[in-house]
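An overview of the molecular structure
Below, each chain spelled out in residue letters.
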Amino acid sequence: MILVLDFGGQYNQLIARRVRENNVYCEVHTALSFEKIRSLKPEGIILTGGPQSVYEKDSLLPPEKIFSLGVPILGICYGAQAMTKILGGEVKPASVREYGKTEVEIIGASKLFKGVEKKSVAWMSHTDRIFSPPENFSVTAATKNCPVAAMENPAQNFFAVQFHPEVVHTVEGAKIFSNFVDICGCKRDWKMSSFVVDTVENLKKKIGGGKVLCALSGGVDSSVAAALLSKAVGKNLTCVFVDHGLLRKNEAVEVEEVFSKFDLNFIKVDAGERFLKKLRGVVEPERKRKIIGEEFIRVFEEVSKKIGAVDFLVQGTIYPDVIESGLGKSAVIKSHHNVGGLPDFVDFKEIVEPLRLLFKDEVRQAGRELGLPEKIVSRQPFPGPGLAIRIIGEVTAEKIKIVQEADAIFREEISSAGVKNLSQYFAALTNMRSVGVMGDGRTYDCAVALRGVLTDDFMTAEAAKIPWEVLSVVANRIVNEIRGVNRVLYDCTSKPPATIEFE
Ligand code: XMP
């Protein structure tokens with residue numbers, strides 16, 4: 001097992017995921033005592049990035065004694081600086097702050113960089129940097145503005161990198177993790193099937209004979225969560241599908257069709273009016289998310305009262321939902337409806353989230369292990385707050401209709417043109433109106449935005465180059481078939497700096 005000590009960086013679970021890609025079991029923990037760390041018996045430790053400076057008064061640092069455990073330790077960004085400070089080197093604010101893709105050059109021999117190209121692109125994001133390495137460390141990589149971009153103490157197997165090997169933009173990142181796993185001497189025998197077996201066992205222990213309600217949206221995450229629970233508790237599971245009126249065209253009917261065939265208790269609640277009423281006049285994205293999060297919970301509480309004696313609520317929360325909602329000292333990007341959007345008081349004994357530490361593609365893998373149909377497992381993601389966060393500004397019934405129709409046209413054309421490999425694509429309604437001309441008359445109507453992205457983990461993404469011929473057919477159909485729309489825009493921004501959804 002490799003232990004990741006989390007200091008609040010945006011990409012920390014990506015580190016865990018890179019370790020899991022090497023078939024090595026990995027746990028992420030925040031602020032552990034030395035005794036706890038020792039009792040976990042890690043074969044290696046990774047110290048993550050984080051938003052603090054090691055010189056802040058209340059900065060989180062790992063226990064000093066981990067450096068005498070005799071296991072390899074890799075410090076990344078803030079983790080590298082924490083290692084430097086503890087072992088007697090010097091960290092100071094850099095005169096030039098580095099952010100983004102940066103060329104890194106390997107200098108000198110390195111165990112960590114075995115087989116890594118001498119010059120490659122890496123992702124940097126730091127204000128402080130290492131000025132002088134601790135004793136017995138040699139500098140192993142540099143960038144133009146960062147003379148100590150990496151250092152190591154090969155005798156003790158301590159490694160530090162200022163850049164982020166966990167993000168895809170660091171071209172040699174996967175190799176670096178693979179080398180670290182080898183240095184740790186891990187057996188590489190962990191698989192997704194082990195995750196499924198262990199999780200089902202843990203759920204059985206936790207829930208016993210209790211009754212469980214599962215918030216099912218028909219999306220990949222909640223379907224996989226439901227399948228895990230159904231394996232663990234069988235008929236004590238009831239899945240509740242809330243139609244909040246913010247679903248895609250025909251989605252409610254399709255979801256009901258698929259899940260009524262499964263061997264589980266399935267309840268559909270029509271709550272469109274209720275959500276719309278709560279959202280009236282609300283324009284601020286975080287408010288919308290919180291209102292929807294709370295209303296979901298209220299509906300589940302009502303259903304659970306009807307069923308009686310339900311202790312547990314299961315949600316298909318996955319890691320990007322958690323991290324973007326702000327974890328520990330990380331910044332809040334957006335409150336995913338099932339995490340930061342939750343109300344303070346929730347009338348269940350416990351919320352169970354078996355997928356909380358996985359990424360989307362790992363969830364799909366788990367779904368396949370569980371034998372879910374490919375139609376569900378490979379579905380593109382659809383966010384819990386639904387079209388509310390694809391309508392910029394106030395949500396109204398008319399706007400929902402527009403975005404549903406535009407999205408249906410986009411999906412139809414993508415499918416008939418056979419465009420493959422898009423990770424996610426959808427239409428959104430901007431709050432922009434502009435002047436157009438139609439049938440010799442002036443129009444002053446809305447603009448629909450189309451977005452298509454390519455990504456593995458939904459933490460970073462690039463805009464997809466959808467063929468122009470397809471986009472122009474979609475644009476034509478949208479302005480001709482939907483009243484009130486006279487312009488169609490394509491979103492070319494990557495994440496970061498944009499996000500995938502608009503709100
Ligand atoms: P962003 O917009 O944060 O989206 O780049 C990343 C991925 O998460 C989905 N998403 C959500 N999923 N509840 C969800 O279940 C939410 O509140 C939520 N917000 C965003 C989004 O569709 C994308 O796949």
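Residues numbered from 1 in each chain as written. Predicted model: local features only at pLDDT ≥ 70, side-chain atom pairs only at ≥ 80, totals over all residues. Heavy atoms only, no water.

Observations concerning the pattern of salt bridges
What the rule picks out here adds up to 28 salt bridges. Residue Lys 204 is joined to Glu 201 by a salt bridge in which the shortest nitrogen-to-oxygen separation is 3.8 Å. Here Lys 204 and its partner Glu 201 are both found in helix H5 (residues 192-207), three residues apart, which amounts to about one turn of the helix. The partly exposed category is assigned to Lys 204, whose relative accessible area is 39%. In this structure, Arg 411 engages Asp 407 in a salt bridge whose closest nitrogen and oxygen atoms are separated by 3.0 Å. Linking Arg 411 with Asp 407, this pair stays in helix H13 (residues 397-417), spanning four residues, or about one helical turn. (Salt bridge = Lys/Arg side-chain N within 4 Å of Asp/Glu carboxyl O. Helix = DSSP H or I, 4+ residues; strand = E, 2+ residues; numbered from the N terminus. Buried < 20%, exposed > 50% of the residue type's maximum accessible area, 1.4 Å probe, protein only.)

Digging into helix H4 (residues 173-184)
End to end, H4 covers 17 Å across 12 residues, agreeing with the expected 16 Å (1.5 Å per residue, within 8%). Among the residues of H4, Gly 173, Ile 176, Phe 177, Ser 178, Asn 179, Phe 180, Val 181 and Cys 184 are the ones counted as buried. Phi turns positive one or two residues past the end of H4, at Gly 185, with a value near 75°. (Expected span 1.5 Å × (residues − 1).)

Structural notes on helix H7 (residues 251-259)
It helps to recall that an α-helix has 3.6 residues per turn; residues three or four apart then point in one direction. Considered for burial, the residues of H7 that qualify are Glu 251, Ala 252, Val 255, Val 258 and Phe 259. Seen along its axis, H7 keeps its buried residues to an arc of 135°; they face one direction. In this structure, the buried side of H7 is in contact with helix H6 (220-233), strand E11 (237-243), strand E12 (265-270) and helix H12 (374-377). (Arc of directions from axis to C-beta. Contact = heavy atoms within 4.5 Å.)

A look at the domain arrangement of the protein
Looking at the assigned domains, one finds that the protein contains domain 1 (2-184), domain 2 (192-377) and domain 3 (390-491). Once you take the C-alpha centre of each, domain 1 and domain 2 turn out to be 35 Å apart. (Domains from an automatic or database assignment.)

Let's talk about the pairing of strand E9 (residues 158-161)
Residues Phe 158 and Ala 160 point to one face of E9 and Phe 159 and Val 161 to the other, with burial holding for every one of them. With four bridges joining them, strand E4 (residues 73-76) and E9 adopt parallel strand pairing. Bridge pairing in E9 links Gly 75 to Ala 160. The pairing of strand E8 (residues 150-153) with E9 spans four bridges and is classified as antiparallel. Residue pairing across strands places Ala 150 opposite Val 161, the latter belonging to E9. Hairpin connection between E8 and E9: a loop of four residues separates the two successive antiparallel strands, and Asn 157 in this loop has a positive phi of roughly 60°. (Pairing = 2+ DSSP bridges.)

Regarding unusual backbone geometry
Note the cis peptide between Lys 495 and Pro 496, where omega equals -15°. As for its position among the elements, Pro 496 is in the segment after strand E18 (485-490). Between Pro 496 and Pro 497 the backbone carries a cis peptide bond, its omega angle lying at 10°. Summarising the element assignment, Pro 497 is placed in the segment after E18. The backbone of Ala 31 shows a phi angle near 45°, a positive value even though the residue is not glycine. Its place among the elements puts Ala 31 in the loop between strand E2 (26-30) and helix H2 (34-39). The phi torsion at Asn 421 lies on the positive side, around 70°, for a residue other than glycine. Assignment of secondary structure puts Asn 421 in the loop between H13 and strand E15 (424-438). Residue Asn 421 is classed as exposed on the basis of its relative accessible area of 70%.

Looking at the sheet that holds strand E6 (residues 119-132)
Note on sheets: strands pair through backbone hydrogen bonds, and any given pair is parallel or antiparallel. If you walk across this open sheet you meet the nine strands as E2-E1-E3-E4-E9-E8-E7-E5-E6, and the pairing is mixed. Only two strands of the sheet have a single neighbouring strand rather than two, namely E2 and E6. Strand-to-strand twist of the sheet, defined as the mean angle between neighbouring strand axes without regard to direction, takes the value 20°. In this structure, strand E1 (residues 2-6) lies alongside E2, joined through five bridges in parallel fashion. Bridging across to E2, Leu 3 finds its partner in Glu 27. Contacting E1, E2, strand E3 (44-47) and E4, helix H1 (residues 12-20) crosses the sheet at an angle of about 160° to E2. (Axes fitted to C-alpha atoms, helices over the stretch in contact; angles between N-to-C directions.)

Remarks on the packing of H5 against H6
At a closest axis distance of 9 Å, the pairing of H5 and H6 adopts a crossing angle of 60°. Relative to H6, the element H5 lies oblique. The handedness of the crossing between H5 and H6 comes out as right-handed. Here H5 contributes Val 196, Thr 199, Val 200, Leu 203, Lys 204 and Ile 207 to the contact with H6, which in turn contributes Leu 228, Leu 229, Lys 231, Ala 232 and Val 233. For the contact of H5 with H6, the class distribution of residues is eight nonpolar, one polar and two charged. (Parallel < 35°, antiparallel > 145°, perpendicular 65-115°, else oblique. Left-handed = near helix turned anticlockwise from the far one by under 90°. Nonpolar A, V, L, I, M, F, W, Y, C, P; charged D, E, K, R; others polar.)

Brief notes about empty space enclosed by the protein
Empty space among the atoms becomes apparent when a probe as large as a water molecule is rolled across them. Taken as a whole and assessed by the stated rule, the structure comprises two cavities of 30 Å³ or more. Around the second largest cavity sit Val 104, Ile 106, Phe 113, Val 116, Glu 117, Ser 120, Val 121, Ala 122, Phe 163, Thr 170, Glu 172 and Ile 176, which together line it. Those elements giving two or more residues to the lining of the second largest cavity turn out to be strand E5 (90-106) and E6. At three residues, E6 tops the list of elements feeding residues into the lining of the second largest cavity. When grouped by side-chain class, the residues that make up the lining of the second largest cavity number eight nonpolar, two polar and two charged. (1 Å grid on protein atoms, 1.4 Å probe; cavity = no way out; pocket = protein on both sides within 12 Å on 5 of 7 lines; lining within 4 Å. Points joined across faces, edges and corners; volume = space filled by probe spheres on them.)

Some details on the nonpolar core
By size, the foremost hydrophobic cluster in this structure holds 89 residues, and its most contacted members are Phe 300, Leu 355, Val 448 and Ile 478. In terms of residue count, the dominant contributor to this core is H6 (nine residues). Among the domains, domain 2 (192-377) and domain 3 (390-491) are the pair contributing at least three residues each to this core. Not counting chain neighbours up to four residues away, the residues in contact with Ile 478 comprise Ala 406, Ile 409, Val 448, Leu 450, Val 485 and Val 488. Core analysis: the next-biggest nonpolar cluster, separate from the first, contains 32 residues, Val 24, Ile 106, Ala 141 and Ala 149 among them. (Core = buried A, V, L, I, M, F, W, Y, C linked by side-chain atoms within 4.5 Å.)

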